[in-house]
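Overview (structure and organization)
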Amino acid sequence: MRLLITAGPTREAIDPVRYLSNRSSGRMGYALAESACEAGHDVVLVSGPVTIPEPEGVQLVRVETAREMFDAVQLHLSGCDAAIFSAAVADYRPVIVGAQKLKKTSDKLVLQLERTEDILGSARLKFGFRGFLVGFAAETENVIAYAQGKLERKGCDMIVANDVSQAGIGFDSVENEVTLCLPGGRTIALPRQSKAALAHVVMAHISSSIQPSESSLQ
Ligand code: CTP
């Protein structure tokens, strides 16, 4: 089957030398891509800037900003049987990007920010995606309740939820501990383990839940 996976952070420019971003390492998304590839799936990996090596056998599309990730997903989503949005997309970007490096002219600087494109939220509504849709939720409180809300709002079939208030898991960590949230309020708690091991378990759940679409059978 054909899978699209987003991974890593995005960078939103402030000026030619500065940007807004986050601590995502891309490890979870890359581990999922490798695991999907090992399972024999065709994988398109749309990745923000990361320092981990390019996985073998995967079609890697490198992007920097949320806008670029949105465009790349729109381009590659059709014909996919499943899409896994593990990227930590910046939710806001500066309204004005300095053409030159900003100089220190005052004690305080106010940056005006605007919302970026909601890529996961666009999959069903804007891109007309009908395959198996998986989102990620990184929360610091009410983890399951927020994840279930996200599942319904964004038309997902699964949300991989993790509690980022716990030390040593999630963002920029080698290990992760997640709960799979499914329609109807069902949940599957997975124990803490390496992201590589977890990727195999999550991918097995996804593989057993999806049927190849007609387009990928042609
Ligand atoms: N995501 C996305 N595009 C964005 C922001 C997030 O595709 N601009 C995806 C992430 O890849 C992840 C999920 O959405 O799969 C995370 O959602 P989040 O940003 O936490 O969702 P919101 O419902 O916007 O919730 P919050 O208010 O917590 O930000």
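In what follows, the accompanying structure is described. Given the structure is predicted, the values throughout are model-derived calculations rather than measurements.

Here the focus is the pairing of strand β9 (residues 132–139). In terms of burial, β9 is largely enclosed, as seven of its eight residues are buried. Where strand β6 (residues 82–85) meets β9, four bridges bridge the pair, whose relative direction is parallel. Bridge pairing in β9 links F85 to G135. Two elements, β9 and strand β10 (residues 158–163), share six bridges in a ladder whose sense is parallel. Within β10, the position partnered with A137 by the bridge is A161. As a crossover connection, the stretch from β9 through helix α4 (residues 143–153) into β10 is right-handed.

Spatially, eight strands are ordered β5-β4-β1-β6-β9-β10-β12-β13 in an open sheet, and the strand pairing comes out mixed. In the strand order of this sheet, the two ends are held by β5 (59–62) and β13 (187–189), each with one partner. Pairwise comparison of adjacent strand axes, ignoring direction, gives a mean angle of 15° for this sheet. Pairing between strand β1 (residues 2–7) and strand β4 (residues 42–47): six bridges, direction parallel.

By size, the foremost hydrophobic cluster in this structure holds 30 residues, and its most contacted members are L32, L45, I84, M158, V160, V202 and I206. Counting residues per element, the ones that place at least two in this core are β1, α1 (27–38), β4, β6, β9, β10, β12 (178–181) and α5 (195–209). Discounting residues that sit within four places of it in the chain, I84 has contacts with L3, L4, I5, T6, L32, V134, F136, M203 and I206.

For the rest of this paragraph, the subject is α4. Of all the residues in α4, the buried ones are V143, A147, Q148, K150 and L151. One side of α4 holds all its buried residues, which, seen down the axis, span an arc of 160°. Residues of α4 that are exposed and point over 90 degrees away from its buried face: A145, E152 and R153. Buried residues along α4 sit against β9, β10, β12 and β13. Of the residues trailing α4, G155 is marked for its positive phi of about 65°.

Rules used throughout
- Residues numbered from 1 in each chain as written.
- Predicted model: local features only at pLDDT ≥ 70, side-chain atom pairs only at ≥ 80, totals over all residues.
- Heavy atoms only, no water.
- Buried < 20%, exposed > 50% of the residue type's maximum accessible area, 1.4 Å probe, protein only.
- Helix = DSSP H or I, 4+ residues; strand = E, 2+ residues; numbered from the N terminus.
- Pairing = 2+ DSSP bridges.
- Right-handed = clockwise from strand over helix to strand, strands pointing away.
- Axes fitted to C-alpha atoms, helices over the stretch in contact; angles between N-to-C directions.
- Core = buried A, V, L, I, M, F, W, Y, C linked by side-chain atoms within 4.5 Å.
- Contact = heavy atoms within 4.5 Å.
- Arc of directions from axis to C-beta.

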